[in-house]
Amino acid sequence: MNGHHFKYVLIGGGLASSSAAQAIREADHEGSILLAAQEIVRPYHRPPLSKEFLRRQKPREEIFTQESQWFEKNHVELRTGCRAARLDVARNAVTLADGQVISYEKLLLATGASAKPLEIPGSDLPNLYYLRSLEDSTRLQTAADKARHEGRPHAEGRGRIAIIGAGFLGTELAASFVQMGLSVDLLCGSEAPWGNIVGDAAGKFLVRYLEARGVRVRPNVRPLRFEGDGRVQRVVLPDGQNLECDFAIAAVGAVAHRELLRGTPIAAEKAILTDEFCRTNVANVYAAGDCAAIFDPLFGKHRMIPHWDNANVTGALAGRNMAGANEPYKAANNFFSDIFDLTINGWGEARFVDRRLIRGAANGAAPSAGFAEIGIASDGRVAQTVSFGMSNQEKELADLVERRANVAGLEEQLKDPSAPIADK
Ligand SMILES: Cc1cc2nc3c(=O)[nH]c(=O)nc-3n(C[C@H](O)[C@H](O)[C@H](O)COP(=O)(O)OP(=O)(O)OC[C@H]3O[C@@H](n4cnc5c(N)ncnc54)[C@H](O)[C@@H]3O)c2cc1C
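Residues numbered from 1 in each chain as written. Predicted model: local features only at pLDDT ≥ 70, side-chain atom pairs only at ≥ 80, totals over all residues. Heavy atoms only, no water.

1. Here we look at the site of the ligand
Then, number 1: Near the ligand you find 36 residues, and of these Glu-39, Arg-46, Lys-51, Arg-132 and Asp-290 are the closest.
Then, number 2: Take Glu-39: an N or O atom from its side chain is 2.5 Å from an oxygen atom of the ligand.
Then, number 3: Within the side chain of Arg-46, an N or O atom sits 2.5 Å from an oxygen atom of the ligand.
Then, number 4: Here the ligand has 1,000 Å² of accessible area as a free molecule, and 94% of this is covered by the chains. (Near = heavy atom within 4 Å. Polar contact = N/O pair within 3.5 Å; in protein donor to acceptor, adjacent residues only side chain to side chain. Areas by Shrake-Rupley, 256 points an atom, 1.4 Å probe, with all protein chains shown as cover.)

2. Overview of the sheet that holds strand β14 (residues 225-227)
Then, number 1: Strand order in the open sheet made by the three strands is β14-β15-β16, with antiparallel pairing throughout. Sheet topology places β14 and β16 (242-244) at the edges, where each strand pairs with a single neighbour. For this sheet the average axis-to-axis angle between neighbouring strands, irrespective of direction, equals 25°.
Then, number 2: Pairing analysis gives three bridges linking strand β15 (residues 234-236) to β16, with the strands arranged antiparallel. Within the sheet, the bridge partner assigned to Val-235 lies in β16 and is Leu-243. (Pairing = 2+ DSSP bridges. Helix = DSSP H or I, 4+ residues; strand = E, 2+ residues; numbered from the N terminus. Axes fitted to C-alpha atoms, helices over the stretch in contact; angles between N-to-C directions.)

3. Focus: the domain arrangement of the chain
One frequently used descriptor of interface size is the decrease in accessible area upon assembly of the parts.
Then, number 1: As assigned here, the chain comprises domain 1 (5-114 + 256-322), domain 2 (128-250) and domain 3 (341-415).
Then, number 2: Placing the centre of domain 1 and that of domain 2 at their C-alpha centroids yields a distance of 32 Å.
Then, number 3: Contact residues are listed per partner, giving 17 residues for domain 1 and 17 residues for domain 2.
Then, number 4: In total, about 1,500 Å² of surface goes out of reach between domain 1 and domain 2, with carbon and sulfur atoms giving 56% of it.
Then, number 5: Of all residues in domain 1, the largest losses of buried area upon contact with domain 2 belong to Leu-54, Arg-55 and Arg-56, amounting jointly to 38% of the total for that side.
Then, number 6: On inspection of domain 1 and its partner domain 2, the count reaches three salt bridges.
Then, number 7: Here domain 1 and domain 2 share 13 residue pairs in polar contact (both at pLDDT 80 or more) between them. (Domains from an automatic or database assignment. Contact = heavy atoms within 4.5 Å. Buried area = accessible area lost by both parts, 1.4 Å probe. Salt bridge = Lys/Arg side-chain N within 4 Å of Asp/Glu carboxyl O.)

So this is what it looks like as structure tokens:
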């Protein structure tokens, strides 16, 4: 081995790469590892960026995936501020942005994703923000401070903002900014937040829950344009209404980083395709996390699963397989979200859901005992479960998806939160 050759090269500085490094080191104590990370900080967890970190309830030091000494102690060469620029899979080589060529035996692509840009007139104004990185979250803290001090007045203080997009991120941001004292309009492209993730009853519950806590949810609205004097001062809606604001945030999805594939035979659609072992179609090249679409045997399909748990699980799985294991992906994927004091946990895939039933009651605006949504595919098997604060039954809800349980004939029992969750 020399300075330009590593047994394992991990490209990307997020959770998937970090989990892979840890898994490799647990399986192979000797093999050299390079982790090339474009950002200038070591890998960190992104969920706090829209929640406790943004609200200044969690300090910066607590969001990193590993202590700063971990990399050195475990002989993982961490290069931050280091972008991989080109791949030559025929030569097992990566060219870094500074021109250095690194060769590998096994390569992991864990390049993650970027916020999807909103392309309407005025999107280029400087106070339309996106959130993906630690730097973005810090920028939002500063914008919120300024709006709170000098911004537009509202009933309880100052600072009005508009959030475009009511998926996980937009909804969490709306909750956080209300908790930070701002007035928030949440523009929702569908009838209710999380429109393509949950059904009608849960969507309506989310509207009530958010509105009861001060978020103004605006259903079925896509903004026409942003206007203002050199900065966003208002959002113009299709019905002619103007939403005055101090700044706006677009949370309209993410785009997987695939730039490195250019000129390579690595197969990709919207993300890099892997089999259930996290292997791409090119020998010795693996992919994991948000940049990948893994073949999920549970659903018999390639799936993009842009969530924390998936980056952790597939990163570690890729790492173990790169180090010689031969383990397939067999998890029921999880997502979680925290909105005000409600924790939501989901498993499985909404796209396969044909109809939904509610366990418990999704009425009101504060589920004391929680409720769950159980999504059933057209073949009668559970495709997705989502717990809204039903923390004492989450294991069973996850299990329904993991077993792809056939629940024909059990529906009344499933709706009753005091009855056991079980299939035939
Ligand atoms: C604000 C926010 C909140 C979230 N909250 C939740 C949540 O509550 N629950 C949940 O389940 N999920 C949540 N997620 C999703 C979760 O954080 C992601 O799924 C996870 O971060 C993906 O990890 P990753 O390592 O695949 O990619 P990333 O975290 O995107 O990391 C990839 C890294 O690789 C770097 N990179 C890209 N190209 C190169 C290159 N050529 N060379 C070197 N480095 C490169 C990128 O700059 C980036 O730092 C949230 C995401 C965000 C942004």
